[in-house]
Structure formats: C-alpha cells, structure tokens
Amino acid sequence: VDSVIRAAAIYVGLLVIFRLTGKRTIEQITTFDFILLLIISEATQQALLGEDFSLTTAFIVILTFVGLELAISLLGANIPWVAKLVDGTPLVVVEHGKPIEKRLSKSRLTKWDILEQARSTQGLERMDQIKYAVLEKSGAISIIPYRDGEAASA
Amino acid sequence: VAEQGTDAYGGLEIDEDYPYQRLEWRIERAWWFVLLGLLVAAVLGVFGGGAVSGRDSRQGALEVEWERFVRRDAAFALDVTARGQETVTVVFDARYLELVRVRSVEPEPESVDLGTSTVAYTFRVAPGGSEVRARFWLEAQRAGTLAGDVAVGQDEVSIEQFVYP
C-alpha cells in the first residue's frame, strides 16, 4: 500500500509541476534539460523506493505508474475537460504570415523559435511563407507553409 | 465544453480553446509565485534544517535543542546538554521513541535502561567534569505530529515536532 501511495503522489506531483511550469520544459530538450531530467529522476527514485529494493516493490511502483497513465488516457479519451486539463490545448501562434505576439510571449516563445522550426522542418526562409504555426499540446511547433500559388497576403 | 475553432482559421481544423488557454496562463503565473514562495520557505527552514526550524529549551540543569520540522525517514539531531555529577541520565518517554528510530547516540551511553514507559540513557561524567553533551540522531518513522518529553532528574523539556512525508 505504501509504495502505491508514494508512486501515486509522485506521479500527481510531477504531473502538476510539469504541467504548470509549461510546455517548453518538456519538448525542445537541450543538453541542460537532459541533465535536469536525470537529476529529477534521481531525486524521485529515492523517495519512490526508500530502502526497499525488492522486485515486488519495483513492480508495484511500475504498475502504479502504468495504471495511472492508462487511467488518465482512458478518462481523457472520454471526458474532454480531463484531456484539456492534463494535456492542454494547441495554440495558433502565427496566422497568415503574421506572428501573434501576445500568444508567443505568453508561451515564452519568440518569432525566432518559429523561424528556426520553419527552417528545419519545412526549409522556409521568411515569416510570410508560413500560413499557420501551431504550438502543439506536446510543446512542439508545427509549421504549415503556403502551398504553391497560394497568396501570402490575406 | 463545445467543440470550437474549426471555422476560426479558415481551413485549419484545430481544437484550440483560447479562453481555456488564457485561464491556463493565469494559473501558470500564479504558480510562479507559489514556486518562489516554496523555495523561500525551504531556505528559511519551513521544511526543516533552517532558521525557522531550530528550537532550544532550557529547564534548570537541562538544555535540549531540536528541530521543529523534520522529514520522514531523514535523520535529525536532538542535542541534550545536562549538568550532573558522575553520571547523567537522560530519560525519554517511550511513546516518543516508538515513533522515531534511534540511529545512533553520540557519545555512546554507558547504559540504556528500559522502563515501563521510559527509555533512559546514562552517560558517565569525567572526574572533575560537570556537564554532559549528547547528540541523538533520530529518524521519524511516519508523517504527522510528534510529541514527547526529555527529562534529566526533575528537569523536563517537552518536544513537539511536525514530520513531513
């Protein structure tokens, strides 16, 4: 019972912290973010297992995590607000070649982040080649370029 | 919540929810202050080991220093300073020691005597000396409040602690 409660507490705690701290922390992993993740896992590992190194406890902890993950995805698939609460919603940050500054700054992004993504995924050169850019739930930025013949001035 | 946004961007079919997104940003901003508050509290010792947590009580020939806030499964020190001739006996009530684990006692006591509701640690005072200073390394076994008494002779100090999970 104890390890189930511990694992559930850590799952919920981490979910809340990561969700509240924002999308950028999860996606766009830099070298330092990677080290940060290692430190976080090391810090939680001790609290999860304590001084109990048995196989049973290890599997109970794993099962708790997998079970919670499953439960939340099941809930999210059936109840829209649960999915919204846990995963958030996508957000359009560039519309018809124009960055929406307020949305970008609130999401802690700049137009340079958008352009970087446009270059690396679509080979685009300028903002006016982007029809839409969407900050996805995962924290990734999707770029939708204008198709050939489509006008950039809308 | 109604499905929305399909028409907001021409052909872009997306489940954007800007009102919800704004609520989320507001909560995010509030969280930053909570985060800052938690960090300041941790530095001050609200979670143990800082200025807010240290306690010191003197009662006649007995002085006890301990931590108001401790954490489960983490060792904390309880310092007892007492005056006495030849031997000094530090008496804990057993209900306190039931809830904490005694990791070690520095220096080693000469004897440990179990009473019906007490545990007594006896230390020998060096010839010519008049004081014993002992450190008990303890570890709370469960979260919640902890209370107990430490006594030397007639002098008694009451301890109250909060254990974080």
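Computed from a prediction, not measured in an experiment: that's the story for all the values here.

(A) Quick look at the environment of Ala94(B). Residue and element names in this part refer to chain B. One can find Ala94 in helix H2 (residues 94-99). Under the relative-accessibility criterion, Ala94 is labelled buried at 17%. Ala94 sits 55 residues away from Asp149 along the chain, and the two C-alpha atoms are 9.2 Å apart. Not counting the four nearest positions on each side in its chain, Ala94 is found in contact with Ser117 and Thr118.

(B) Focus on the sheet that holds strand E3 (residues 130-135) of chain A. All names here are of chain A. The sheet built from four strands is open, its strands ordered E2-E1-E3-E4 with antiparallel pairing. Every interior strand has two partners, whereas the edge strands, strand E2 (98-99) and strand E4 (141-145), have only one. When strand E1 (residues 91-95) meets E3, the two strands line up antiparallel, connected through four bridges. Note that in E3 the partner of Leu91 across the bridge is Leu135. Across the sheet, helix H6 (residues 111-122) is in contact with E1, E3 and E4; its angle to E4 comes to roughly 65°.

(C) Structural detail: a nonpolar patch on the surface. Together, Phe32(A), Phe34(A), Ile35(A), Leu36(A), Leu38(A) and Ile39(A) make up an exposed nonpolar region whose accessible area comes to about 600 Å². Among the secondary structure elements, Ile35(A) is positioned in helix H2 (residues 31-49).

(D) The side chain of Glu16(B), seen in detail. Inspection of the secondary structure assignment puts Glu16(B) in the segment before helix H1 (18-44). The class for Glu16(B) is buried, based on a relative accessible area of 6%.

(E) Structural context of the pattern of salt bridges. In this structure the tally under the stated criterion is 20 salt bridges over all chains. Note that Arg108(A) is salt-bridged to Glu28(B), the shortest N-O span being 3.4 Å. A residue pair is termed interchain when its members come from two chains, as with Arg108(A) in the loop between helix H5 (101-106) and H6 and Glu28(B) in helix H1. Residue Glu28(B) is classed as buried on the basis of its relative accessible area, which comes to 7%. A salt bridge links Arg133(B) to Glu65(B); the nearest nitrogen and oxygen atoms lie 3.6 Å apart. One end of the pair, Arg133(B), is in strand E9 (residues 131-140); the other, Glu65(B), is in strand E2 (residues 62-67), and 68 residues separate them in sequence.

(F) Inspection of the nonpolar core at higher detail. Counting residues in each nonpolar core, the largest one holds 30 residues, and the members touching the most others are Leu78(B), Val90(B), Phe92(B), Tyr96(B) and Phe136(B). In terms of residue count, the dominant contributor to this core is E9(B) (five residues). For Val90(B), the contacting residues outside a window of four places in its chain are Val80(B), Val119(B), Ala120(B), Tyr121(B), Phe123(B), Phe136(B), Val150(B), Ala151(B) and Val152(B). In terms of nonpolar packing, the next biggest core, distinct from the first, is built from 17 residues, Val93(A), Ile114(A), Leu115(A) and Ile130(A) among them.

(G) Region of interest: the environment of Val1(A). Residues and elements named next belong to chain A. Note that Val1 resides in the segment before helix H1 (2-21). On the basis of relative accessible area, Val1 is assigned to the exposed category, the value being 79%. Note: C-alpha distance between Val1 and Val61 (60 residues apart in sequence) is 10 Å.

Rules and cut-offs
- Residues numbered from 1 in each chain as written.
- Chains lettered and ligands numbered in written order.
- Predicted model: local features only at pLDDT ≥ 70, side-chain atom pairs only at ≥ 80, totals over all residues.
- Heavy atoms only, no water.
- Helix = DSSP H or I, 4+ residues; strand = E, 2+ residues; numbered from the N terminus.
- Buried < 20%, exposed > 50% of the residue type's maximum accessible area, 1.4 Å probe, protein only.
- Contact = heavy atoms within 4.5 Å.
- Pairing = 2+ DSSP bridges.
- Axes fitted to C-alpha atoms, helices over the stretch in contact; angles between N-to-C directions.
- Patch = residues over 30% accessible without salt bridge, like charges linked within 9 Å, V, L, I, M, F, W, Y side chains within 5 Å.
- Areas by Shrake-Rupley, 256 points an atom, 1.4 Å probe, with all protein chains shown as cover.
- Salt bridge = Lys/Arg side-chain N within 4 Å of Asp/Glu carboxyl O.
- Core = buried A, V, L, I, M, F, W, Y, C linked by side-chain atoms within 4.5 Å.

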